[in-house]
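# An overview of the molecular structure
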Amino acid sequence: MTDYRHPLQFGMNLNPDVDLADETIRIAQAADDSVLDFVGLQDHPYQPGHLDTWTFLTRLSAQTKRVAFLTDVLDLQLRPPTMAAKAAATLGVLAPGRLILGVGGGAFTDAIAGMGGRRRSRAEMVAYTEESLHVIRAALAGDDVRLLSGHHAIEGYPAGPVPPAAIPLWLGAQGPKMLGVTGRAADGWISPLNIYVKPEEVPAKQKIIDDAARAAGRDPARIRRVYNVLGAIGRYRGGQGLLGDVRMWTDTLTDWVLELGFDTFIFWPLTDHRAQFEVFAAEVVPAVREQVERIRAQR
């Protein structure tokens, strides 16, 4: 059993497709009036039908008041860390306390190279990402950033502005080396979708993060654990992921908190996003919160 006892957080993945932009904005506004903590937006700029993540997030932040935003996850090979930090700091100033910076090393080598990014090996990508996390953290703090290495040539960046509220830095990771980076340098682990990292695979991955954190002198319990959950609530059939009624969703997410150590869930609906959002926010989220609180109090 692993329960790091973080307060629970819930989010909804938004669709960045240009043809669905108006509906996505309406869902974000509905989320703003709901119990959800944040909405997430993926970052695949090489997809011709996707809007740019930062531009879209800026529009969404201007049309909402409360809900936070998660980049799930920002491609660091196409968004160098100093510029990623600059964009994050800017949104952090314009919408204080409403950004969680999720980043990743970039898994699609050909697509990255197709946009002019450097073609890196997996080992190079891991090392580049770990250095990038340190650059972003220093830049968000307003430090003078300088890093000359085999992966970066930052000759001197007087970083700023400094956002009034701290911006959490979460890392998307799946393999053991990147999970180790998570333990050493990130504020949270963003797991890929539940169809890619299956529940039975999670404990071994949590252990890698925990071991790396301890080796770096960090408390593993301070690292948030985030699960992207693909599925549908209700009678939807034929797809992959978590499929079932509200009770099944409630029991499953509760189990994933108490037994797998997750504290944050991002819902990726397989069908009608607006209808699925409504039942998730109105029925599943309150039920999971209540059930986890009750069980934790008994332990």
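For the structure, check the block above.
Throughout what follows, the structure given in this document is the object of discussion. Each chain carries its own residue numbering, running from 1 in the written order of its sequence. Where local features are concerned, this predicted model is filtered to residues with pLDDT of at least 70; where side-chain atom pairs are given and counted, the filter is 80 or more; whole-chain, interface and lining totals use all residues. Values shown for side chains rest on all heavy atoms present in the structure; no hydrogens or waters enter the calculation.

### Structural notes on helix H3 (residues 81–94)
Applicable threshold: The numbering of helices and of strands both runs from the N terminus, where a helix is a DSSP run of H or I of at least 4 residues and a strand a run of E of at least 2. Multiply 1.5 Å by the residue count of a helix minus one, and that product is the helix's expected span. For the exposure calls, accessible area comes from a 1.4 Å probe over protein chains only, and a residue counts as buried if that area is under 20% of its type's maximum, exposed if over 50%, partly exposed in between. The contact criterion used is simple: two residues touch if any of their non-hydrogen atoms lie within 4.5 Å.
Between its first and last C-alpha atoms H3 spans 20 Å; for 14 residues at 1.5 Å apiece the expected length is 20 Å, and the two agree. By the burial criterion, the buried members of H3 are Pro81, Thr82, Ala84, Ala85, Ala88, Ala89, Leu91 and Gly92. Turning to H3, the residues buried within the fold contact helix H2 (53–62), strand S4 (74–75), strand S5 (99–104), helix H5 (122–140) and strand S7 (153–158).

### Considerations on the pattern of salt bridges
For the record, the criterion: Each salt bridge in this description consists of a side-chain nitrogen of Lys or Arg and a carboxyl oxygen of Asp or Glu lying within 4 Å of one another.
Across all of its chains, the model carries 17 salt bridges by this definition. The salt bridge partner of Asp211 is Lys207, with a shortest N-O separation of 2.7 Å. Of the two residues, Asp211 and Lys207 both sit in helix H7 (residues 202–215), four residues apart, roughly one turn of that helix. Residue classification places Asp211 among the partly exposed residues on the basis of a relative accessible area of 36%. One continuous salt-bridge network, built from bridges that share partners, spans Asp43, Asp52 and Arg79.

### Examining the packing of aromatic side chains
Formally: Aromatic rings from Phe, Tyr and Trp, with only the six-membered ring used for Trp, were paired whenever their centres fell within 6.5 Å, and each pair was classed as stacked if the ring planes differed by under 30 degrees, edge-to-face if by over 60, and tilted otherwise.
The full count for this structure, using the stated rule, is 11 aromatic pairs. Centre to centre, the rings of Phe262 and Phe265 are 6.4 Å apart; their planes meet at 55°, and the pair counts as tilted. Classification of Phe262 by relative accessible area gives buried; the value is 1%. Owing to a relative accessible area of 1%, Phe265 belongs among the buried residues under this scheme. Judged by centre distance (4.9 Å) and plane angle (45°), the rings of Phe267 and Phe280 are tilted. Of this pair, Phe267 sits in strand S12 (residues 264–269) while Phe280 is found in helix H9 (residues 273–298), placing the two residues 13 residues apart along the sequence. Here Phe267 and Phe280 have matching classes, each one buried.

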